[in-house]
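Given next are the chains, with one letter for each unit.
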Amino acid sequence: MTQVILNNISILNNEGEHFCVSILDGKINSVIAEPVKSLNHSHVINFKDALAFPGLFNAHDHLEFNLFPRLRSKYYRDYLEWGNDIQKLYSKEIDAALKIPVELRMKFGMIKNLLNGITTVMHHGNKSIKKSDQIINVIDSYNYLHSISLEKNWRIKLNLIFNKLPFVIHLGEGIGDVIENEVNKLFKWNLFKKKIIAVHGISLNINHANNLAGLIWCPDSNLFLYNKTANIIDLKNRIPIFFGSDSNLTSDPNFWNHIRTARGINALNDEELINSITSMPGELLNVKGIGKIKNGYRADIVVVKKRNVNDYNTFFNVNPEDILLIIRSGKIILFDESLKQECAYLNYCRFKIRGAVKFADSEIVAVIKKLESYNIQIPLELSTIE
Ligand SMILES: [Zn+2]
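Residues numbered from 1 in each chain as written. Predicted model: local features only at pLDDT ≥ 70, side-chain atom pairs only at ≥ 80, totals over all residues.

Student: Lay out the overall build of the protein chain with the relevant residues and their values.
Tutor: Looking only at helices and strands, the protein chain features 13 helices and 19 strands. What you see for the protein chain is a C-alpha radius of gyration of 21 Å, in line with the 21 Å of a compact globule of 386 residues. The C-alpha extent of the protein chain, read off along each of the three principal axes, is 65 × 45 × 35 Å. In the protein chain, buried positions account for 46% of the 386 residues. Of the contacts made within the protein chain by residues no fewer than 6 positions apart, 69% connect residues no fewer than 24 positions apart. (Helix = DSSP H or I, 4+ residues; strand = E, 2+ residues; numbered from the N terminus. Rg over C-alpha atoms; globule rule 2.2 N^0.38 Å. Buried ≥ 20, exposed ≤ 12 C-beta atoms within 10 Å, placed from the backbone. Contact = placed C-beta atoms within 7 Å.)

If you want it as structure tokens, here you go:
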């Protein structure tokens, strides 16, 4: 039996500032609106001015591509033009990252997500990750298709895989005839009206939305590559909008900058934006019991310093260094230096992220240590401490 109690804490979207959240065997066991006064339990963490929210859901990443620098030489018409351009111009940077074994790169991809407060990710790729190797939850309840131009035999896969799961595919990534043709071909060949969730959808309009079950919006990556993103204002009225980061090849390692960019675009209101990275994706993908701080839900919880009396202002101004605590499936996997006393029983290792000292499971710090021996810049200014 593993118990953790978070005491005297605010919860995003809940009135009140002094909640007590009890976690037992991986799940949220109780949420009480009052702090508990004389708790003598060894695993109680008492907070002051802290805000809790559900571990975030990142609906799009390529886990093995997070140790590359962000690469572009200009704005592109579509993803094919981008791919050709970077292969030509940045072979040195690409080779340096490819020297790192793919298993280590995948691990780092999960760690990049974790350090941003993300506890569930949809990895867009062929490589699946065993449950026991998952540092965060990696969703596999969908069928992967890369894209119309780069996925071999996509027509056969789309029409001969019968498992009721949605197909997730890059679609409408760019503008122009090639991209238009891809969209038309996909809809024409979706003979059995399989559920399709598009990633990017820059070229999509509301008529296209009739053929889709959802869109994964990656504004940070889109604006970097194409100086343009999807028409969320129109599309959100027809289909659910998920939110994704894409990999560090095309986007900022700091996921919170993506959230702020999205907020600045003002296509989703604050509530919709928060739902798209917390409760909504699990509900739509049939992953039960995630994305809420509520009795019976999986205990995936992030706690940050409360820098503002308004919880939304605190939330939208978070950066990875502000994270005080991350709990995944009831287990603390990261805590801030300021909680050293309360989490001393964990015997975790120190490391630095963007100037702040945190403690994490030795497995995580070992990955950072290994990466320090390669000739690359580690994202999020990560380093080990001797
Ligand atoms: Zn992608």
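Student: So what's going on with helix α3 (residues 102-115)? Residues and values would help.
Tutor: In this model α3 runs 20 Å from its N-terminal to its C-terminal C-alpha over 14 residues, within 8% of the 20 Å that 1.5 Å per residue would give. Summarising burial for α3: eleven of the 14 residues are buried, a large majority. Where α3 is buried, its residues touch β6 (56-61), β7 (118-123), β15 (323-328), β16 (331-336), β17 (349-353) and α13 (362-371). At the exit of α3 stands Gly117, carrying a positive phi of roughly 90°. (Expected span 1.5 Å × (residues − 1).)

Student: How would you summarise unusual backbone geometry if you had to cite specific residues and measurements?
Tutor: A negative phi holds for most residues other than glycine; trans holds for most peptide bonds. Of note, Asp25 is a non-glycine position whose phi angle comes to about 50°, a positive value. By secondary structure assignment, the location of Asp25 is in the loop between β2 (19-24) and β3 (27-32). The exposure class of Asp25 is exposed, given the 11 C-beta atoms found within 10 Å.

Student: Tell me about the environment of Ile293, and name the residues and values.
Tutor: Tracing the chain through its elements places Ile293 in the loop between α11 (279-284) and β14 (301-305). Distance from Ile293 to Asn29, taken between C-alpha atoms, is 9.9 Å for residues 264 residues apart in sequence. Excluding anything up to four places from it in sequence, Ile293 contacts Ile11, Val21, Ile28, Val31, Ala52, Pro54 and Ile301.

Student: Can you break down the pairing of strand β1 (residues 3-11) residue by residue, with the values?
Tutor: In terms of burial, β1 is largely enclosed, as seven of its nine residues are buried. When β1 meets β2, the two strands line up antiparallel, connected through six bridges. Bridged to Ile5 within β2 is Ser22. As defined by bridge partners, β1 adjoins strand β4 (residues 44-46) across three bridges and the pair is classed as parallel. Residue pairing across strands places Leu6 opposite Ile45, the latter belonging to β4. Summarising the sheet, β1 and strand β5 (residues 50-54) pair through two bridges and their orientation is parallel. (Pairing = 2+ DSSP bridges.)

Student: Got a sec to walk through the packing of helix α7 (residues 219-226) against helix α9 (residues 255-265)? Specific residues and values, please.
Tutor: With their axes 8 Å apart at the nearest point, α7 and α9 run at an angle of 80° to one another. The orientation of α7 with respect to α9, classified from their angle, is roughly perpendicular. Touching Pro219, Asp220 and Leu223 of α7 are Asn257, His258, Thr261, Ala262 and Ile265, all from α9. Here the contact of α7 with α9 is built from residues that sort into four nonpolar, three polar and one charged. (Axes fitted to C-alpha atoms, helices over the stretch in contact; angles between N-to-C directions. Parallel < 35°, antiparallel > 145°, perpendicular 65-115°, else oblique. Nonpolar A, V, L, I, M, F, W, Y, C, P; charged D, E, K, R; others polar.)

Student: Residue-level account of the sheet that holds β6, with values.
Tutor: What the three strands build is an open sheet, ordered β6-β7-β8; its pairing is parallel. Bordering the open sheet on either side are β6 and β8 (137-139), each of which pairs with just one other strand. Looking at each pair of strands side by side, their axes are set apart by 25° on average, direction ignored.

Student: Give me the lowdown on the nonpolar core, citing residues and values where you can.
Tutor: Grouped together as the largest cluster of nonpolar side chains are 109 residues, with contacts concentrated most on Ala52, Leu215, Val303 and Leu325. Counting residues per element, this core draws most heavily on α3, which supplies six residues. (Core = buried A, V, L, I, M, F, W, Y, C linked by C-beta atoms within 7 Å.)

Student: Break down the environment of Thr250 for me, with residues and values.
Tutor: In this structure, Thr250 sits in the loop between β13 (241-243) and α9. For the pair formed by Thr250 and His170, sequence separation is 80 residues and the distance between their alpha carbons is 14 Å. Leaving out residues up to four positions away in the same chain, Thr250 has contacts with Arg70, Ser221, Phe224 and Leu225.

Student: I'd like a description of the sheet that holds strand β12 (residues 214-217), backed by residues and values.
Tutor: Read from one edge to the other, the open sheet built from five strands follows the order β9-β10-β11-β12-β13, with strand pairing classed as parallel. Only two strands of the sheet have a single neighbouring strand rather than two, namely β9 (143-147) and β13. Taking the axes of each pair of neighbouring strands and ignoring which way they run, one obtains an average angle of 25° across the sheet.

Student: Before we move on, can you summarise the pairing of β3 with the specific residues and values?
Tutor: Put simply, side chains in a regular strand alternate between the two faces of the sheet. Relative to β3, β2 is paired through five bridges, and the arrangement is antiparallel. Paired with Cys20 across the strands is Ile32, a residue of β3. Connecting β2 to the next strand, β3, in antiparallel fashion are two residues, including Asp25 with a positive phi near 50°.

Student: Before we move on, can you summarise the packing of α3 against α13 with the specific residues and values?
Tutor: Remark: α3 packs on α13, axes separated minimally by 10 Å, with the N-to-C direction vectors making an angle of 125°. Comparing the axis directions of α3 and α13 gives the class oblique. When the axes of α3 and α13 are compared, the crossing they make is left-handed. Packed against α3, whose contacting residues are Leu104, Lys107, Phe108 and Ile111, the element α13 presents Ile364, Val367, Lys370 and Leu371 at the interface. (Left-handed = near helix turned anticlockwise from the far one by under 90°.)

Purely geometric stuff here, so don't read any function into it on its own.
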